Amino acid sequence: MKKEKTVDFHIKWGWHAISRMYNAYAAQFDITMAIGYVLLNVDLDEGTPATKIGPLLGMEPRSLVRMLKNLEERGLIRREVDGNDKRFVRIFLTDTGREKREMARDGVIQFNNLIRENIPLDKLVVFFDVIKDINRLVEEENAKIKAAESEELTLD
């Protein structure tokens, strides 16, 4: 099968184009797409537990630790020990972090408006249905793989 005929090629190709566009946009504000995503996923009022940010973004713990350290050094976030449970750290945005978050948010809105203005709603509805089905199938396959791995471990 030629790569151009595979579903994953088109998903990855599309995502890379979007990623390049977001990074070019974010660079104007001295941030990256990844920084923008982290900032967008921090609750403005309550902060967000550090342990929740990684799964929201699909980041590995090591990458997340590096990213949070970078954001803290740049003055975009601050860490606070959770008042109810001292084992948890909440991430809050600084004033500068809030400003950069708003810039990232504007970029996401601009892109989505561009898509909605140029692609008919009926096509977007089909796209969302298809991508939802693809994600469900991928999750089912991942669950099967994990179950098989777990079974192998118990048999050893």
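The name recorded for the protein in an unreviewed UniProt entry is DNA-binding MarR family transcriptional regulator, from Spirosoma oryzae.

Novice: Where do I start with the overall build of the protein in this structure?
Specialist: Of the regular secondary structure elements, the protein holds six helices and three strands. Along the protein, helices and strands appear, N-terminal first, in the series α-α-β-α-α-β-β-α-α. Computed over the C-alpha atoms, the radius of gyration of the protein is 19 Å, more than 25% above the 15 Å expected from 2.2 N^0.38 for a compact globule of 156 residues. Principal axes of the C-alpha set define a box for the protein whose edges measure 55 × 50 × 25 Å.

Novice: Teacher, can you tell me more about the domain arrangement of the protein here?
Specialist: For an interface, size is often stated in terms of accessible area lost upon the parts coming together. Domain boundaries in the protein define domain 1 (3-118) and domain 2 (121-155). On a C-alpha basis, the centroid separation for the pair domain 1 and domain 2 is 24 Å. Facing four residues of domain 1, the contacting portion of domain 2 comprises four residues. Together, the buried faces of domain 1 and domain 2 total about 280 Å²; carbon and sulfur atoms form 84% of this surface. Broken down residue by residue, the surface that domain 1 buries against domain 2 is led by Ile11, Ile115 and Arg116, which jointly contribute 86%. Put simply, domain 1 and domain 2 have zero salt bridges between them. Joining domain 1 to domain 2, the criterion identifies zero residue pairs in polar contact (both at pLDDT 80 or more). Of all elements in the fold, only α1 (7-27) and α5 (95-118) reach the threshold of two or more residues within the side of domain 1 that touches domain 2.

Novice: What should I look at first to understand unusual backbone geometry in this one?
Specialist: Most peptide bonds take the trans configuration, and most residues that are not glycine carry a negative phi. Phi at aspartate 30 is positive, roughly 60°, even though this residue is not glycine. Mapped onto the secondary structure, aspartate 30 falls in the loop between α1 and α2 (33-40). Given the relative accessible area of 55%, aspartate 30 is considered exposed.

Novice: What exactly am I supposed to notice about the sheet that holds strand β2 (residues 77-81) here?
Specialist: In a beta sheet, neighbouring strands pair by backbone hydrogen bonds and run either parallel or antiparallel. Pairing in this open sheet of three strands is antiparallel, and the strands run β1-β3-β2 from one edge to the other. On the outer flanks of this sheet lie β1 (48-49) and β2, each paired with one strand and no other. With five bridges connecting them, β2 and strand β3 (residues 89-93) associate as antiparallel partners. The residue of β3 that forms the bridge with arginine 79 is isoleucine 91. Here helix α4 (residues 61-73) sits on the sheet and contacts β2 and β3; the angle it forms with β2, its principal contact strand, is near 110°.

Novice: What is the right way to look at the pairing of β3 in this model?
Specialist: Note: β1 against β3, two bridges, orientation antiparallel. Each bridged residue has a counterpart across the sheet, and for proline 49 the counterpart in β3 is arginine 90.

Novice: Help me understand α5, please; the structure alone is not making it clear to me.
Specialist: For an α-helix the count is 3.6 residues per turn, leaving residues at separations of three or four pointing the same way. End to end, α5 covers 35 Å across 24 residues, agreeing with the expected 34 Å (1.5 Å per residue, within 8%). All of the buried residues along α5 are Gly97, Lys100, Arg101, Ala104, Gly107 and Phe111. Where α5 is buried, its residues meet α1, α2 and β3.

Procedures and definitions
- Residues numbered from 1 in each chain as written.
- Predicted model: local features only at pLDDT ≥ 70, side-chain atom pairs only at ≥ 80, totals over all residues.
- Heavy atoms only, no water.
- Helix = DSSP H or I, 4+ residues; strand = E, 2+ residues; numbered from the N terminus.
- Rg over C-alpha atoms; globule rule 2.2 N^0.38 Å.
- Domains from an automatic or database assignment.
- Contact = heavy atoms within 4.5 Å.
- Buried area = accessible area lost by both parts, 1.4 Å probe.
- Salt bridge = Lys/Arg side-chain N within 4 Å of Asp/Glu carboxyl O.
- Polar contact = N/O pair within 3.5 Å; in protein donor to acceptor, adjacent residues only side chain to side chain.
- Buried < 20%, exposed > 50% of the residue type's maximum accessible area, 1.4 Å probe, protein only.
- Pairing = 2+ DSSP bridges.
- Axes fitted to C-alpha atoms, helices over the stretch in contact; angles between N-to-C directions.
- Expected span 1.5 Å × (residues − 1).

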